[in-house]
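# Coordinates in review
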Amino acid sequence: MTEQKKLSYEEQTTITKAIIKTAVIMLEFGAESKLIEDTAQRLGKSLGVDSVEVSLIPSAIVLSTLGNNKTQSVTTTRRAHHKPINMSIVCDVQKMCHDLEKEKKDVNFVLKTIKEIKPNYYNRWLIVFMVGLSCASFAYLYGADWKAFAITFLASSVAMFTRQELAKRKFVMIITFGITAFVATMIAGIGHILNISSTSNIALSSSVILLAPGFPFVNSVLDAVKGYLAMGWGRWMQAVLLSVATSIGIVFALAVLNLKGW
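Here's a quick rundown of the structure. (Residues numbered from 1 in each chain as written. Predicted model: local features only at pLDDT ≥ 70, side-chain atom pairs only at ≥ 80, totals over all residues. Heavy atoms only, no water.)

### Overview of the overall build of the protein chain
Scanning the protein chain for helices and strands turns up 10 helices and three strands. Against the compact-globule benchmark of 18 Å for 262 residues, the protein chain has a radius of gyration of 23 Å, which places it well outside the compact range. C-alpha extents for the protein chain along the principal axes are approximately 80 × 30 × 30 Å. Taking all 262 residues of the protein chain together, the buried fraction comes to 45%. Accessible area of the protein chain: about 14,300 Å², with a carbon and sulfur share of 64%. Across the protein chain, the centroid of the 27 positively charged side chains sits 7 Å from that of the 18 negatively charged ones. (Helix = DSSP H or I, 4+ residues; strand = E, 2+ residues; numbered from the N terminus. Rg over C-alpha atoms; globule rule 2.2 N^0.38 Å. Buried < 20%, exposed > 50% of the residue type's maximum accessible area, 1.4 Å probe, protein only. Areas by Shrake-Rupley, 256 points an atom, 1.4 Å probe, with all protein chains shown as cover. Lys, Arg positive; Asp, Glu negative; His and termini not counted. Charge placed at Lys NZ, Arg CZ, Asp CG, Glu CD.)

Structure representation (structure tokens):
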């Protein structure tokens, strides 16, 4: 068995930086905690360190690598900033990790690939249309007539456009959700006041479905079950706060329109 090449402190530092940059990208774009840790360990093994230890919290990562028969340690910390969930980024990172393992590339390949990974965004008008259609379809399945279908489509489409504009201007996510819920409820509420449809109450509830924070709730449960309690609690609290912001936006719109309920 060939002896593993010894790493200098500088080489191990570069490897550590590459691994934590990869882990931060995955955390920012919504990867599960177990997947982040497993990917970091796979990268470390492929790049020549003995082990990788990862500590995760919702806003930061602390990562240590042990090299040269665990006699040399490098530890670094990086802050993670909240970004929209994007599984295409996570898939690109997984592909890079697979290529690294298969083709035995070096740390420069990791650093170069990370720099080139960019979100693949859909056309914004396609997103507006599809979100409006999905919310309207939910309303129809729930028993809404075609007039309520049209009201839901209009309300949720305008709400999605509003959400995109607020995100572009880097508003805090909680404020974005509150304003978006307000806009959707206002449009659907006006349709209810004008008595356009006999099922306009369904349009009121369906127009805000686009704000349901399902992914953070699912990830919080998965993290907690797999032992990442801090991450699970943090993601659960984030989802709860987004739900509360949505509720505040809905209640405020109902108060402005003087509607007593759905």
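### Brief notes about the side chain of Asn68
Summarising the element assignment, Asn68 is placed in the loop between β2 (60-67) and β3 (72-79). By relative accessible area, Asn68 is classed as buried at 17%. A polar side-chain atom of Asn68 sits 2.8 Å from the main-chain amide nitrogen of Leu7. Setting aside residues up to four positions removed in sequence, Asn68 forms contacts with Lys6, Leu7 and Asp50. (Polar contact = N/O pair within 3.5 Å; in protein donor to acceptor, adjacent residues only side chain to side chain. Contact = heavy atoms within 4.5 Å.)

### Things to note about helix α5 (residues 124-141)
With 18 residues, α5 extends 26 Å between its outermost C-alpha atoms, agreeing within 8% with the 26 Å of an ideal straight helix rising 1.5 Å per residue. Within α5, burial applies to Val128, Val131, Gly132, Cys135, Ala136 and Ala139. The buried residues of α5 all sit within an arc of 125° when viewed along its axis, so they share a single face. For α5, the elements touching its buried residues are α6 (146-168) and α8 (200-206). (Expected span 1.5 Å × (residues − 1). Arc of directions from axis to C-beta.)

Purely geometric stuff here, so don't read any function into it on its own.
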